[in-house]
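# Descriptive analysis of the structure
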Amino acid sequence: MQRMWFLESEEDRELRRLWRPRSAEESEREVDAVDLETITMKGAKRDWIFRVQVSNLEKNELVYVVGNLPELGAWNHNQAIQLPRELTAGDAAMFDTNNSSYHIEHGDERESIAGSMFDNRDDEAPVYSQTICLPTDVDVEFRYFIAVVCQPNGTKNPAKTLIIRKWETHMTPRLIKKNAPSNFSADVNITPDKFGFNNGYFKVERGWLTDETVIQFKIFNSPLKLWKERLHNKKVYIKMTPVNLMKHNSLELQQLGGDCVEDSLSMDTQDIVEQPPTSVTEICVLNDEDVCFKYQDQFGHAYRDEEFIVFNVAVRYPETIAYLVDYYAYSSRIFPGEPPNHIGFSYILPSTVQASVGLLTVPITSNKHRPIGQLTIEYVRINPIPDYPWDMSISYAKHWEQRWSGLDVGHRGLGTSFKFEMKNCANVRENTIASLKTAADHGADMVEFDVQLSKDLIPVIYHDFYVSISLKRKKQIEAMDMLEIPVKDLTLEQLHLLKVYHLAEGREKNPRFFDEDLEDHQPFPTLKTVFQELEPHVGCNVEIKWNMQLKDGTFELNHPFDLNLYLDIIIKVVLEYGANRKIVFSSFNPDICMMIRLKQNKYPVVFLTQGITLKYPTYHDLRCQTIPMAMKHALAADILGINVHTEDILRDPSQVKLVKDAGLIIFCWGDDNNDKDTIQNLKKLGLHAVIYDKIDEYNQKEVKESIFLVDARESEKALIALAHCSQTCGPPQLPPASAPNSTEKGYFLELEKTRNLVVTASTATSLGSLAKNSIGGDSVYPIKNITVNDCSDDDAATDCL
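Since this is a predicted model, take the numbers as computed values, not measurements.

### Remarks on the overall build of the chain
The helix and strand tally for the chain stands at 19 helices and 33 strands. Pairs at least 24 apart in sequence give 71% of the contacts found in the chain among residues at least 6 apart. Accessible area of the chain: about 38300 Å², with a carbon and sulfur share of 52%.

Right, dumping it as structure tokens:
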């Protein structure tokens, strides 16, 4: 009998092996092989080259990568990996010809690269790279950022720190998939990433304060006075330079090299003044069309009386830094290329900027050491929150989803309860737990409330700066007087135990509420209690109360607290107890908005402004007086948006489009909002949120629920459907490879229970890996676009939806 042989392909052989019956021993051997492979993969490593293209890098700025693994710093910016600049053939030839000391250094070393080399077009921008050994058995998330190195300062600050200049803040970080093969090749360079571009769109934000201090000097309201007649009609240029007052040791001088003195022409001081290596100085002119902080020109900025100028100086050791202000003017006969004349200078010493805010008047001294004028300047000092464990895993500072439009926000909860006309008052005491809960129960998407500190530094919820306390007269038991006293002068215990009245009650001697036995109705709940008592889906607009200076020079309140301490206490409570709740900070004080933005990297900030108004007195600060100036401040501060007075919007509705075209979010507030037709009109104009009273009456939602509660419920349904389909239909179909599939941090509700329903067959690790539902894919609530395998029958298909 002739035996026939056939060629068998690898695929056929594998199919035959899979379909033939297996003995118990063979099955056991296969399981052992799989376990061995898993163990092997678990300890396996791979080389991964990180390459990113960065354009317009400034002098002293370096490129870093940070990620979720210890090898990438575990989201700690100080443990991030520096990416050196790749040396191109053109660079090598240029530096070889000039016999230059150009080199690339790794680790803690600095790069000696001229700043002019970064002014290339984007397609020719320098590339920065580093090869890092990473484990293969985990997903790797990472971001790029740009920073300036703060070198150690002896025994006081022995560790190197970073000033974060810019960082990528996409909701979904960059991702290297688990078990992906190495991208490293000795022959071919991989295509570099582009800094800021991820998931198909660009998103980069300014950094926040980690260890450095920022001093902002504000020049406005015609603060420059020159007494010499020959200078009256000349354009004066102003430049600010931080200088180190301490003598450097040899190590620091070696690090500084020849770059320690900038372009200041104060020749009488230049031989002893050194610019600190750990400082960054920028300027922003709010009257410019392009409103942003940028480096100064060589001879500073041409000053005009009507301008609002902000100098922003970030320094690592503020106690040793003075600020030199140079003044320049061109002569009447100017030749092309001729520099201006240095006409004088001023010094601002560190001892004069110790407080958080202040007003200074400094003399302007000529080069012959004679006084020729004076400069009046306001400043704000912004300190970092000490010893807080910041990370770069995620930021909501500029996050707002497209569908969050026309939100209903309960003013002080259910509304103001102490207006002159009782019919316009809420029937629950304002700014109490009961008021906030009632607003949420009637469909408020967010609740707005006011926060200030008690005498013992505890954040409490209350709007007015003063309260009334009842005093009984001697020999007149029934007679009673009211004493007005600042909230800041009473401890939390006193606020809770004393019989206190709202100012309106005290002046009228007519109490409006008799709810002393109801815990949730008590005034002065703490901020911590609010977060603990409200449902997690209820968004919070946390307004920071602070005294404001009016245009006539008077203040609303003489505040004894240090502003940095005041804000640090409030922010820490929000960070500790706010969790994943939707939270927005706000304040009428523009400096506070800037400070909150720089003091933390998690929650967004909106600037409250009253704009042009006939109802309230005008504030001193120009940024508070009009919507365009408020908008420019928001752009300069890199905050989420502004909260405008509806009176100004109704006067000129085109301002809504102006703000939105600038890329800002816009809320509105005011008594004009307490009308159903006005609320609907404001929503049609495109307001992202409307803050109003008596939300139980004016809210026109068919279903009285927060949009965030609806989002959370739909998210849970989606996860349950996915879990059920995974059990009955097999693993789900994942989104296309172009869609990011990484773990995103949800913003609302604890979904651990529903996540546990997802069986191991599913590779989805979070809601963010299921679908995307916003502009550019920057979303934390992907709900609608879930794709699963076809079910085998109609009943199963129904269960999957």
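### Considering a nonpolar patch on the surface
Together, L245, M246 and L349 line one region of the surface with nonpolar side chains, adding up to about 290 Å² of accessible area. Within the secondary structure, M246 is located in the loop between β14 (236-244) and α4 (250-256).

### A few points about unusual backbone geometry
Note: most residues except glycine have negative phi, and most peptide bonds are trans. Here the phi dihedral of H369 falls at roughly 65°; this positive angle occurs in a residue that is not glycine. Of note in the backbone geometry, N431 takes a positive phi value of approximately 55° without being a glycine. Turning to its location among the elements, N431 is positioned in the loop between β22 (407-411) and α6 (433-441). By relative accessible area, which is 1% here, N431 ends up buried.

### Details of the environment of G415
By secondary structure assignment, the location of G415 is in the loop between β22 and α6. Residue G415 is classed as buried on the basis of its relative accessible area, which comes to 0%. Remark: the alpha-carbon pair of G415 and S435, spanning 20 residues in sequence, is separated by 7.7 Å. Setting aside residues no more than four positions away along its own chain, G415 makes contact with A426, E430, S435, D693 and K694.

### Side note on the side chain of K488
Counting through the fold element by element, K488 comes out in the loop between β26 (476-486) and α7 (492-497). For K488, a relative accessible area of 12% puts it in the buried group. At 3.2 Å, the side chain of K488 forms a polar contact with the side chain of D489. Here K488 is in contact with L453, S454, K455, L557, N558, P560 and F561, once residues within four sequence places are set aside.

### Points about the packing of aromatic side chains
For the structure on display, the rule yields 22 aromatic pairs. Taking the centre distance of 4.8 Å and the plane angle of 65° together, the rings of W546 and Y566 count as edge-to-face. Residue W546 is found in the loop between β28 (539-544) and α10 (563-577), and its partner Y566 is found in helix α10; the two are separated by 20 residues along the sequence. There is no split in this pair, since W546 and Y566 are both buried. Pairwise contacts between aromatic rings join W167, W208, Y388 and W390 into one cluster. The ring of F465 has K545 lying over it, and the distance from NZ or CZ to the ring centre is 5.3 Å.

Basis of the calculations
- Residues numbered from 1 in each chain as written.
- Predicted model: local features only at pLDDT ≥ 70, side-chain atom pairs only at ≥ 80, totals over all residues.
- Heavy atoms only, no water.
- Helix = DSSP H or I, 4+ residues; strand = E, 2+ residues; numbered from the N terminus.
- Contact = heavy atoms within 4.5 Å.
- Areas by Shrake-Rupley, 256 points an atom, 1.4 Å probe, with all protein chains shown as cover.
- Patch = residues over 30% accessible without salt bridge, like charges linked within 9 Å, V, L, I, M, F, W, Y side chains within 5 Å.
- Salt bridge = Lys/Arg side-chain N within 4 Å of Asp/Glu carboxyl O.
- Buried < 20%, exposed > 50% of the residue type's maximum accessible area, 1.4 Å probe, protein only.
- Polar contact = N/O pair within 3.5 Å; in protein donor to acceptor, adjacent residues only side chain to side chain.
- Phe/Tyr/Trp six-rings, centres within 6.5 Å; stacked < 30°, edge-to-face > 60°.
- Lys NZ or Arg CZ within 6 Å of the ring centre and 35° of its normal.

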